Every structure is written in C-alpha cells, then in structure tokens.
Amino acid sequence: MEKKWWHDKVAYQIYPKSFKDSNGDGIGDLRGIIEKLDYLKELGADILWLCPIYKSPFVDQGYDISDYYKIDESFGSMEDFDELLAETKKRDMYVIMDLVINHCSDQHEWFQKALKDPEGEFGDYFYFRKGKDGNPPSNYRSYFGGSAWEKVAGSDYYYLHMFAKQQPDLNWNNEKLMRELYTMVNWWLEKGLAGFRIDAIMNVKKDMEFKDLEPDGEDGLGEVWRMLETVDGVGEMLEDLKRNTFEKYQAFTVAEVSTMKKDELSDFIGDNGHFGTMFDFSATVLGNGEHGWYDSKPIQFDDFRRVLYRSQLACQDVGFLANIIENHDSPRGVNRFLPEYARNDAGIKMLGTVSVLLRGIPFLYQGQEIGMQNCQRDSIEEYDDISTIQEYHKALEAGFEPKEALAVCGQISRDNARTPMQWDDGENAGFTRGTPWLKTNPNYRRINVKEQMEREDSVLNYYKRLLALRKSDLYREVFTYGRFAPLFEMEEKIFAYERRLENTAVRVIANFSCVEKTLPVDYLSGDQVLLNNLEEIWVQERSITLRPFQVVVVRS
Ligand code: GLC
Ligand code: CA
C-alpha cells in the first residue's frame, strides 16, 4: 500500500455555525474558529473539516451554495479565511472544506439564468424536463420528501432536485459546467486547502431516461436513491473529477458514499481509487426506519459490533475508511451507541476508545470530545433542520401524537448535533454573547470544556491521552498500518480487537455490559497497560477482569 501524508492524521469536524461566535450575532464564525485553534491542536486534531461556509441562503444549512467563490458574510470574509489557513499552517494543521457539487442553490446565478430560459445554455447545467400528462417527468420522491421535480411557474418544464427544491441538481453530463466546477475546486486547492469532504457524491450519475420507480408509499412515489441503483458509470465521472483536480495537489478527500455497489471498494479507496477515504456509515445506518424516523429502532450492541468488524476486515487489504460515531447529520453517538446505563464518563470514554483506535482515519465531531449529548425540545418550533420538520410531519401523518413525534425528533434529529458547542457554564455556554441561532442544550452547565479542562479525569482529558497515544512515536505506526483482528467474538457485550504490525501488537478490550467480565489473557504487567478509562486494572495470572464500561489498551 502506497503511503500518503494523511494516513496517520486525526480529523475533527467543525460545524462552523455552532462552534464559536466571535462578534455576538449568535452565529459561529471563522474568527471564532481561529480563537480555538490552540484548543484543537492541544486536543490532537490535525485535519479540520469545515462544514459549508460558502455563500448560501441556508435552506439546508449551507449545503445549498449560491456562490462557490465567496465566504458567506455570516461567517466572515475571505481575509478571515486566509488568516485561518495561515494560522493552521503555523500549527501544522490542515483545512478541508465541504465540496457540494451534486447540486447548488436555486439562488446561484446559473440557476437564475436557467430558469429564465430552460432551453438555453444554462438550462443544460441542470435537469429541466417536460411533464407527462400534467404530472412531473417521473415519480421520484426527494430525500427531504415530496416530488423530486419542481414545476417552473408559467412553463411546461420541471427541474430535478434530489434534496430540497431550493437545491437543483447539476447536470454532470454538461462539459462546460464540469470545467467550471474543476476550475473552482482547483482555485481552492491553489489557495492552500488540503482537500475536501465530498458531499452526496453518489447522486451525480442519473438515469437519463428518468424512468418511473415502483411506488413505495401511498403518495405513489419511489425513493429517488433507488434510481441510483439502476445506473452504472458513476466511477468514470469520479475519475475525471479526480484527475482534473485532487490528484494534481495530493489532496486528501473523504467521500460521503451512500450507495456503493458490491466489490467496488478498491475502485473507491484503493491505491488509485476515486477518493482518499470514505466514511464508514455501517453503524450509522443501523436501526434506520423503513418509512421514516418514526419507525427507527434502537441499535443493538451485537449489530454495532458485527458491522464494524465486517467493514474493518473488508477494508484492510484495500485502503482506509474514515471512522465516526456521529456527524452533523446524525444524533450524538453517546445516545445512539451506548445504552442508557452506560451514558456516563466511563462509557463515553470507552466508546471513544474503540472508535478512535480502529484502523482508518478517526473523525471526531465537535463536542464529541466532551461527551455532548442529544437535546430534547418541547416544541417543533425549536427545531431548525429542514429534514426534522419534514420527518415530524411524516410521524404525525403515520398516526403519532405530537408528543410522540417530538420524542422521535429528540432521538434522531440532525439538530441534536448542531446545538452550540459548550465552552463553559456561563450564559449560552460561552458560545456567544448574543442570542444563539439554535438553542443551547441546557445540560451545558454540567457538560462543558472549561470544567473538563480543569478536571484530570474528564472525558476531554481522556480524549487527549487517547489521541496522543494513537499519534505517539512508539505506537503511531501500529495504529495507522497495523492489521485489525477481532478478539473475544463469542463473548457477549465485549468489543475487542488487536492491531498488529510486525512485532508490535496492541489490544483494545472494552466491556459494554453492566456486569464484570473476566477474560482469558496471558499475564499482563503494569507497564503493558497503555490506556485505561478507570483508575485501576484487575489482572490475575491468566485473566483480566473488566468492570462495567471499562476499556483497556494493552501492548503484548
Ligand atoms: C449531505 C450532507 C447533508 C445535506 C445533504 C444535501 O448528506 O451531509 O447535511 O443535507 O448532503 O447536501
Ligand atoms: Ca458571528
């Protein structure tokens, strides 16, 4: 396997709107991020992924871009951005941004021009099609609900939007558009960006016949992603993108891949793959409802363990996956992957350990390092996220009481992860001196950075030790390139694995159950213990006893 500069790095996802507000308007901004760079460096982050900060009407929180060359004023200016780049360089850190080029905003000038003349030059930057007998061109249901086709007022044309109607899909078959997109990507890379997180990329290749799907609901529509499964050839588009952009800069790319076909892993993340890495969503999608959030199910430990072992084993001869427990589209990992009885400091540290030491690139999401948790709201008005509002109504239509529908949102809403970062126990958690754009989680008085900095045994200080171990001179190589092998697979509620590289082997053993577990191991001496989330470790001659939610990292 060819070595790349980013293989041994730790990434940290910033949701800029909720990270740190420097000017009191209630919206996090670039100067706020600059203020916190030392904090991030000290934590152990190398690569910072910024969620979209481009000019946008914010219908989908910046994933609707109206100008790819501008920073949205709410985040600051291009000068601020350049300063952020310079300040990260000084600290040996890297910045990557979201690349959202499956669609843009309906306010983008391309789309505005296209609307005026769907048959003209810019019309072909998008997918404008005539309706069928007064109906949309096909029965696709968009990801955010309702038809994926929006009628153009005063014409027979509809345009395709796989997400919200304010996010028209870009036509990747148009060469002139593709040249414009490549130029833009290269412009950012020239500026010094280290790479991109590539948004919703599997959606770029469409069935150009736009055939109807088998309806899967009473609305007579079919989920638009099912169309993707019927087409081949996305790989050629992705190769073209890579050759014209990333490859020339050795850029780091991490893709959001939703619908990969079987046996394509090496095309995607092999030595010459389309991308550097891609997220492992195998645990993220567990429990997803068949019809919507309302019929989703709690995640079972056995499934969590099984899917992660499987993807670890599948990728180690191929490339690197990016490992997460949460992101801006999901609830907090602590609430999802830990049973209620384990949502304490020990459990949170344990979950972090098993995730961060997997083979792959660890991506921490802001607030994960202090164990931030979901936030229950009393009314749907307190939510901002477009998909939460839609899923709330879906639940009501399915017969849920408003209270029950709210409880569903409290568990699954994307806003759970988008609440302001909890810096201290002062007003608004130290995030802003103004009114935060999204209400702070009231638990900030208990869970915040300041308190955890001062407390030696806090989750935050533990995460620092964990990342430092992963990056230490002695163990960096084994945690980066070491093979993964599951351990104690037959033991209930034990998540354990070995990482081995030549003569160095490290074992991670975690007890997800609420009872003590004794496991057979050869004698361990104290100096073999590299990390332990509890104060003590109980070893016997040929076994080790783990307390509930205890995790230990030991070398052989
Ligand atoms: C990705 C983003 C998500 C966004 C969607 C549309 O899934 O992560 O936040 O809503 O793409 O751009
Ligand atoms: Ca601000």
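Look up: the structure comes first, before these words.
To keep things clear, this report deals only with the structure shown in the data block. Fair warning: this is a prediction, and the values are worked out from it, not measured in the lab.

1. Describing the pattern of salt bridges
A full pass over the atoms with the stated rule returns 49 salt bridges. Between Asp 80 and Arg 31 there is a salt bridge whose closest N-O contact spans 2.6 Å. Of this pair, Asp 80 sits in helix α3 (residues 78-90) while Arg 31 sits in helix α1 (residues 30-35), and the two are 49 residues apart along the sequence. For Asp 80, a relative accessible area of 12% puts it in the buried group. Arg 31 sits in the partly exposed class, given a relative accessible area of 33%. With a closest N to O distance of 3.1 Å, Glu 42 and Lys 464 form a salt bridge.

2. Here we look at the site of ligand 1
Taken together, the neighbourhood of ligand 1 is formed by 13 residues, with Asp 60, Asp 199, Glu 256, His 328 and Asp 329 sitting nearest. Take His 103: an N or O atom from its side chain is 2.9 Å from an oxygen atom of ligand 1. Across the complex, the protein chains shield 95% of the 310 Å² of accessible surface that ligand 1 would expose by itself.

3. Looking at the coordination of the calcium ion (ligand 2)
Only Asp 21 (OD), Asn 23 (OD1), Asp 25 (OD), Ile 27 (O) and Asp 29 (OD) from the protein reach the calcium ion (ligand 2) as donors, at distances of 2.2 to 2.3 Å. Read from N- to C-terminus, the donor residues coordinating the calcium ion (ligand 2) fall into the pattern D-x1-N-x1-D-x1-I-x1-D. Both residues of the pair, Asp 21 and Asp 29, belong to the buried class.

4. Overview of the side chain of Gln 390
Residue position: Gln 390 is located in helix α13 (residues 386-397). Residues within four places of Gln 390 in sequence aside, it is in contact with Tyr 143, Phe 144 and Gly 145.

5. Describing the pairing of strand β23 (residues 551-555)
Most of β23 is tucked away: 4 of the 5 residues are buried. Here 5 bridges tie strand β18 (residues 504-511) to β23, and the two strands are oriented antiparallel to one another. Among the inter-strand pairings, Arg 507 is bridged to a residue of β23, identified as Val 554. Pairing of strand β20 (residues 529-532) with β23 involves 3 bridges; the strand directions are antiparallel. Looking at the pairing, Asn 532 lines up with Val 552 of β23.

6. Section: the packing of aromatic side chains
With the rule as written, the count across this model stands at 47 aromatic pairs. With 5.2 Å between their ring centres and 85° between their planes, Trp 149 and Phe 210 make a pair best called edge-to-face. In this pair, Trp 149 sits in strand β8 (residues 149-151) while Phe 210 sits in the loop between β10 (195-198) and β11 (222-223), placing the two residues 61 residues apart along the sequence. For the pair Trp 149 and Phe 210, one class covers both residues: buried. When the centroid spacing of 6.1 Å and the interplanar angle of 50° are considered together, the rings of Phe 304 and Phe 512 count as tilted. Note that Phe 304 is positioned in helix α10 (residues 301-315) and Phe 512 in the loop between β18 and β19 (517-520), a separation of 208 residues in sequence. No difference in accessibility class separates Phe 304 from Phe 512, as the two residues are buried.

7. Thoughts on the sheet that holds strand β21 (residues 538-539)
Spatially, β19-β22-β21 is the arrangement adopted by the 3 strands of the open sheet, whose pairing is antiparallel. The sheet is open, and its two borders are formed by β19 and β21, each paired with just one other strand. Two elements, β19 and strand β22 (residues 543-546), share 4 bridges in a ladder whose sense is antiparallel. Note on β22: the bridge partner recorded for Thr 518 is Thr 545.

8. Observations concerning the nonpolar core
Core analysis: the largest hydrophobic core is formed by 148 residues, its most contacted members being Phe 81, Phe 196 and Phe 304. It is helix α5 (residues 175-191) that contributes the most residues to this core, 8 residues altogether.

Each value, and the rule that gives it
Residue numbering note: each chain is counted from 1, following its sequence as written. In the order they appear in the text, chains get letters beginning with A and ligands get numbers beginning with 1. At least 70 in pLDDT is required for a residue's local features to be given in this predicted model, at least 80 for side-chain atom pairs to be given and counted, and no such filter applies to totals for whole chains, interfaces and linings, which use all residues. To get the side-chain values, all heavy atoms of the structure are used, and hydrogens and water are removed first. Here, a salt bridge means any Lys or Arg side-chain nitrogen found within 4 Å of an Asp or Glu carboxyl oxygen. Here a strand is any run of E in DSSP of at least two residues, a helix any run of H or I of at least four, and the numbering for each starts at the N terminus. Residue exposure (1.4 Å probe, protein chains only): buried if accessible area is under 20% of the type maximum, exposed if over 50%, otherwise partly exposed. Nearness is judged by heavy atoms alone; a residue qualifies as near a molecule or strand once a single heavy atom is within 4 Å of it. Polar contact is defined as a pair of N or O atoms within 3.5 Å, subject to the rule that within protein one atom must be able to donate a hydrogen and the other to accept it, and that residues adjacent in sequence are counted only when both atoms are side-chain atoms. Here the open area of atoms and residues is found with the Shrake-Rupley method and a 1.4 Å probe, where only the protein chains shown may cover a residue. Distances decide who is a donor: an N, O or S atom must be within 2.8 Å of the metal, or within 3.2 Å for Na, K and Ca. Water is not included, so sites may look incomplete. Residue contacts are defined here by distance: any two heavy atoms, one from each residue, within 4.5 Å place the two residues in contact. Two strands make a pair as long as DSSP finds a minimum of two bridges between them. Pairing of aromatic side chains requires ring centres within 6.5 Å, counting the rings of Phe and Tyr and the six-membered ring of Trp. Pairs whose planes differ by under 30 degrees are stacked, by over 60 edge-to-face, and all others tilted. Buried Ala, Val, Leu, Ile, Met, Phe, Trp, Tyr and Cys residues form a nonpolar core when they are joined through side-chain atoms within 4.5 Å.

Fair warning: the whole summary comes from geometry, so function is off the table for now.
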